[in-house]
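# Commentary on secondary and tertiary structure
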Amino acid sequence: MVTIKYRAEIIPENCTGCQKCVWVCPTQAIEMKDNIAVINADICLGCRNCHGVCTTDAVTRLERDEPLVIKADIEGVSKEDIEALCKKAHLHPRQWHCMCTQTRVGEVAAVVLKGATTVEELTLKTGIRSGCTAYCQMMSMRLLEAAGHELTPPPKWGWYPTTANMWDNVSQDVIEQYPGYFLEEDKDVFRKVES
Ligand code: SF4
Ligand code: SF4
């Protein structure tokens, strides 16, 4: 669950129309109108990505009238279905999906099972990617792909293929080569879900 207290707002007279903010917004809340950026406050999660890339101080931060509270709705989704999707995605349902919002993979898997089909939709329905906006994207992509969704990056987003995790890419040779890194113990956690 996340409580968003702030939202971004554009100062039109400072906006040069460069569109950089559009390309870094995790909810696609920004669009260009007459060459000026405009933010849809309803879906702004206050992450400040737009603020960070704007070189002309055209983005400011305002306190919301009412905080925006977002919590993953997992009602009605069975534990078995969540586990099955997580297994397919090679993720553990109890591992962190988004540490900034303290959301677990199983919660996001439930939202995928309830019909979310894009990374942005998952963000809006769970609040993930409202903090660092980077780490949790990989897990979102894994879950959506495991559910059979073909993912298309929004324009100008630099998406990378999902990174290796303990479950699918670390060979036994490597595990034995680095005994001090507790790889065997980590892998055991995944084996328990796998069995
Ligand atoms: S990054 Fe700044 S200048 Fe560029 S479009 Fe966005 S608000 Fe305008
Ligand atoms: S603060 Fe984040 S979510 Fe809000 S408009 Fe800027 S980039 Fe998008």
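Small disclaimer: the values here were computed from a predicted structure and weren't measured.

### Details of helix α3 (residues 79-89)
Taken residue by residue, α3 has I82, L85, C86 and A89 as its buried positions. All buried residues of α3 fall inside an arc of 100° around its axis, so they share one side. Two residues or fewer past α3, H90 is found with a positive phi of approximately 60°.

### As for the packing of α3 against helix α4 (residues 105-113)
Between α3 and α4, the shortest axis-to-axis distance is 9 Å and the interhelical angle comes to 100°. The angle between α3 and α4 places the two elements in the roughly perpendicular class. Of the residues in α4, those touching α3 at D81, I82, L85 and C86 are V105, G106, A109, A110, V112 and L113.

### Things to note about the environment of S130
Tracing the backbone shows S130 in the loop between α5 (119-126) and α6 (137-146). The class of S130 is buried, set by 26 C-beta atoms lying within 10 Å. Placed 83 residues apart in sequence, S130 and C47 show a C-alpha to C-alpha distance of 5.0 Å. Not counting chain neighbours up to four residues away, the residues in contact with S130 comprise V2, I4, L45, G46, C47, C100 and T101.

### So, the domain arrangement of the protein
Domain boundaries assigned for the protein yield domain 1 (2-70), domain 2 (72-163) and domain 3 (164-195). Spacing between the C-alpha centres of domain 2 and domain 3 amounts to 22 Å. Taken together, the contact pairs six residues of domain 2 with eight residues of domain 3.

The rules behind the values
- Sequence order sets the numbering: in each chain, residues are counted from 1 along the sequence as written.
- Naming scheme: in the order in which they are written, chains are lettered from A and ligands are numbered from 1.
- Reporting in this predicted model follows two pLDDT cut-offs: at least 70 for local features of residues, and 80 or more for side-chain atom pairs to be given and counted; totals over whole chains, interfaces and linings ignore these cut-offs and use all residues.
- Remark: C-beta atoms are placed from the backbone, and a residue is labelled buried if 20 or more other C-beta atoms sit within 10 Å of its own, exposed if 12 or fewer do, or partly exposed between those counts.
- The helix count covers DSSP runs of H or I at least four residues long, the strand count covers runs of E at least two residues long, and both are numbered beginning at the N terminus.
- To be clear, the arc concerns the directions from the helix axis to the C-beta atoms.
- In this analysis, axes come from line fits to C-alpha atoms, helices being fitted only over the stretch in contact, and the angle between any two N-to-C directions falls in the range 0 to 180 degrees.
- The labels follow the angle: roughly parallel below 35 degrees, roughly antiparallel above 145, roughly perpendicular from 65 to 115, and oblique for the rest.
- Placing a C-beta atom from the backbone of each residue, one calls two residues in contact when those atoms lie within 7 Å.
- Boundaries between domains were set according to an automatic or database domain assignment.

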